[in-house]
Amino acid sequence: MSQASEGSRSLHLSQLTKEFATFTAVKALDLDVPHGSFFALLGPSGCGKTTTLRMVAGLETPTSGSIRLGDTDITYAKPYQRPVNTVFQSYALFPHLDIYENVAFGLRRRKSGDVDRQVKEMLDLVELGTQARKKPPQLSGGQQQRVALARALINRPDVLLLDEPLGALDLKLRRAMQIELKRIQTEVGLTFVHVTHDQEEAMTMADTVAVMNAGVIEQMGAPAELYENPRTTFVANFLGQSNLIAGKVLGAEGDFVKVDMHGITVSIPQERAHVKTGDGWVGIRPEKVLIAAVGEDIDAPGNHLDGGVVTDVSFVGVSTQYLVRMPWGQELQVFEQNTGRRRLFNKGESVDLSWRPEYAFLLDASQDVNAGIEDD
């Protein structure tokens, strides 16, 4: 397919706004989703992601703004007039029909030809060819989810919307289905827009992730880019975990910005320093922090912190998670892989910490340091 025709089927949201009586759910949202991409809208409950999806599906009417598929304006089109299908968390299968007839339903309603071939191809795609004559209650949750997916895909929509599609599955099955969904999306080459509050789910499957908060997109980009170089405290805290430490910018020095952090001078790469003067939050991911016994060499030249005391130790299999209280009173998180090459540190033990400067980032101190931290 030519680049022009690919672009002609891309999804464009322009200044999309949805106001309810007491609040604005989505605020002047601009978004371009290229045709054939796997796009994730990620955010906590109430951030506006599901409302956005429902406006694209035609299930909610925007207060203002527009939705286009290529050059076609579908802002006020009825749901059945849009080349868009939705897969919900609840599956919404017909319990009285077998799997074959569930998948064939849309084709039969449109009086499409060659139903048998299309249904068999679709069931093979979702690896359910041998289950065709079973009823939905006879299938596992993961299998039912794949039936719902096949039923939506057989209509060949330009855009497939996935609304928390794996939320009802247990952890092991959810991880297997993440890989399965990505495989299917790659094979069919359709645009998938996936709404989720699960960070791992978004990062595992999506080419591009848009992190939403309070009706706006905080940051958008490739999963690794968002994780390694967050631009706001909300993204830093919501996408994984971060240590955010108060600091004062001293100035630029070559490719780095120097920051005074409780009397210790640390370096932040220029491209990861999102404030260049005044106060900031020095950010470092827990797995990027190295821990060592007092005085022991640490392979992380540049940012060295001594005077730490281990206040908590949690063994979680692949890693050990430490809390280390620093001299200024803050507890920092440190995640160390359990390779077996190093002993575990004990609660109450004195330790030194360090990290390589290229892993740190710097955020504006006017942002809420606790933004994006979800309550357990």
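Here, every reference points to the structure presented above.
Values in this document were obtained by computation on a predicted structure and should not be read as measured data.

**Quick word on the packing of helix H5 (residues 141-153) against helix H6 (residues 171-188)**
The packing of two helices is summarised by the inter-axis angle and the distance between the axes. For the pair H5 and H6, interaxial distance at closest approach is 11 Å and the crossing angle is 20°. As judged from the angle between their axes, H5 and H6 are roughly parallel. Viewed along their axes, H5 and H6 form a crossing whose handedness is right-handed. Contacts between H5 and H6 involve Gly141, Gly142, Gln145, Arg146, Leu149 and Leu153 from the former and Leu173, Met177, Glu180, Leu181, Ile184 and Val188 from the latter. Its residues assigned to classes, the contact of H5 with H6 shows seven nonpolar, three polar and two charged.

**Describing the sheet that holds strand S18 (residues 331-337)**
On the basis of which strands lie adjacent, the open sheet formed by five strands has the order S15-S19-S16-S17-S18 and antiparallel pairing. At either margin of the open sheet sits one strand with a lone partner, and together these are strand S15 (290-293) and S18. When the angles between neighbouring strand axes are averaged without regard to direction, this sheet yields 45°. Of the pairings in the sheet, the one linking strand S16 (residues 303-315) to strand S19 (residues 350-355) comprises five bridges and is antiparallel in character. Bridge pairing links histidine 304 to serine 354 in S19.

**Focus: the pairing of S16**
Pairing analysis gives six bridges linking S16 to strand S17 (residues 319-325), with the strands arranged antiparallel. Residue valine 313 lies in a different strand from S17, and its bridge partner there is tyrosine 322. The antiparallel pairing of S16 with S17 creates a hairpin that spans three residues between the two strands, and glycine 317 there sits at a positive phi of about 90°.

**Side note on the pairing of strand S3 (residues 38-42)**
The buried fraction of S3 is high, at five of five residues. Alternating residues of S3 divide into Phe38, Ala40 and Leu42 and Phe39 and Leu41, and every residue in both groups is buried. Pairing between S3 and strand S8 (residues 191-196): five bridges, direction parallel. Bridge pairing in S8 links leucine 42 to threonine 196. Two elements, S3 and strand S9 (residues 208-213), share four bridges in a ladder whose sense is parallel. Opposite leucine 41, over in S9, you have alanine 210 as the bridge partner.

**Describing the side chain of glutamine 144**
Turning to its location among the elements, glutamine 144 is positioned in helix H5. Residue classification places glutamine 144 among the buried positions, given a relative accessible area of 17%. Within polar-contact distance, the side chain of glutamine 144 engages the backbone oxygen of proline 136 at 3.3 Å. Apart from residues no more than four positions distant in its own chain, glutamine 144 is found in contact with Tyr91, Leu93, Pro136 and Leu139.

**Here's the deal with the nonpolar core**
Generally speaking, a soluble globular protein has its nonpolar side chains buried in company with each other. In terms of nonpolar packing, the biggest core is built from 47 residues, with Val119 and Leu153 touching the most fellow members. Here the element with the most residues in this core is H5; it accounts for six residues. Here valine 119 is in contact with Tyr100, Val103, Ala104, Leu107 and Ile154, once residues within four sequence places are set aside. Counting residues in each nonpolar core, the second largest holds 27 residues, with Ile291, Leu305, Phe345 and Leu353 among its members.

**Section: the packing of aromatic side chains**
All told, the structure shown has five aromatic pairs when counted by the stated rule. Summarising the aromatic geometry, the rings of tyrosine 322 and phenylalanine 345 are spaced 6.0 Å apart at their centres and angled 70° between planes, so their arrangement reads as edge-to-face. Taken as a pair, tyrosine 322 in strand S17 and phenylalanine 345 in the loop between S18 and S19 lie far apart in primary sequence, 23 residues in all. Exposure remark for tyrosine 322: the relative accessible area of 1% places this residue in the buried category. Note that lysine 18 overlies the ring of phenylalanine 20, its terminal NZ or CZ placed 5.2 Å from the centroid. Sitting above the plane of the tyrosine 227 ring, arginine 285 keeps its charged end 3.9 Å from the centroid.

**A few points about the sheet that holds S9**
Read across the open sheet, the six strands follow the order S6-S7-S8-S3-S9-S10; overall the sheet is mixed. Looking at the sheet topology across the chains shown, the edges are occupied by strand S6 (84-88) and strand S10 (216-221). Each strand axis lies, on average, 20° off the axis of its neighbour in the sheet, ignoring direction. Along the sheet face, helix H2 (residues 49-57) touches S3, S6, strand S7 (159-163), S8 and S9 and points at about 145° away from the line of S7.

**Digging into empty space enclosed by the protein**
Enumeration over the complete set of coordinates arrives at one cavity of 30 Å³ or more. Of the pockets and cavities examined, the largest cavity occupies roughly 50 Å³. Looking at the lining of the largest cavity, the elements that each hand over two or more residues are strand S1 (11-19), strand S2 (24-33) and H2. The dominant element in the lining of the largest cavity, judged by the number of residues it contributes, is H2, at three residues.

**Section: the environment of lysine 258**
Tracing the chain through its elements places lysine 258 in strand S12 (residues 256-261). When neighbours within four sequence positions are excluded, lysine 258 is seen to be in contact with Lys248, Val249, Leu250, Gly251, Glu253, Thr265, Val266 and Ser267.

Rules used throughout
- Residues numbered from 1 in each chain as written.
- Predicted model: local features only at pLDDT ≥ 70, side-chain atom pairs only at ≥ 80, totals over all residues.
- Heavy atoms only, no water.
- Axes fitted to C-alpha atoms, helices over the stretch in contact; angles between N-to-C directions.
- Helix = DSSP H or I, 4+ residues; strand = E, 2+ residues; numbered from the N terminus.
- Parallel < 35°, antiparallel > 145°, perpendicular 65-115°, else oblique.
- Left-handed = near helix turned anticlockwise from the far one by under 90°.
- Contact = heavy atoms within 4.5 Å.
- Nonpolar A, V, L, I, M, F, W, Y, C, P; charged D, E, K, R; others polar.
- Pairing = 2+ DSSP bridges.
- Buried < 20%, exposed > 50% of the residue type's maximum accessible area, 1.4 Å probe, protein only.
- Polar contact = N/O pair within 3.5 Å; in protein donor to acceptor, adjacent residues only side chain to side chain.
- Core = buried A, V, L, I, M, F, W, Y, C linked by side-chain atoms within 4.5 Å.
- Phe/Tyr/Trp six-rings, centres within 6.5 Å; stacked < 30°, edge-to-face > 60°.
- Lys NZ or Arg CZ within 6 Å of the ring centre and 35° of its normal.
- 1 Å grid on protein atoms, 1.4 Å probe; cavity = no way out; pocket = protein on both sides within 12 Å on 5 of 7 lines; lining within 4 Å.
- Points joined across faces, edges and corners; volume = space filled by probe spheres on them.

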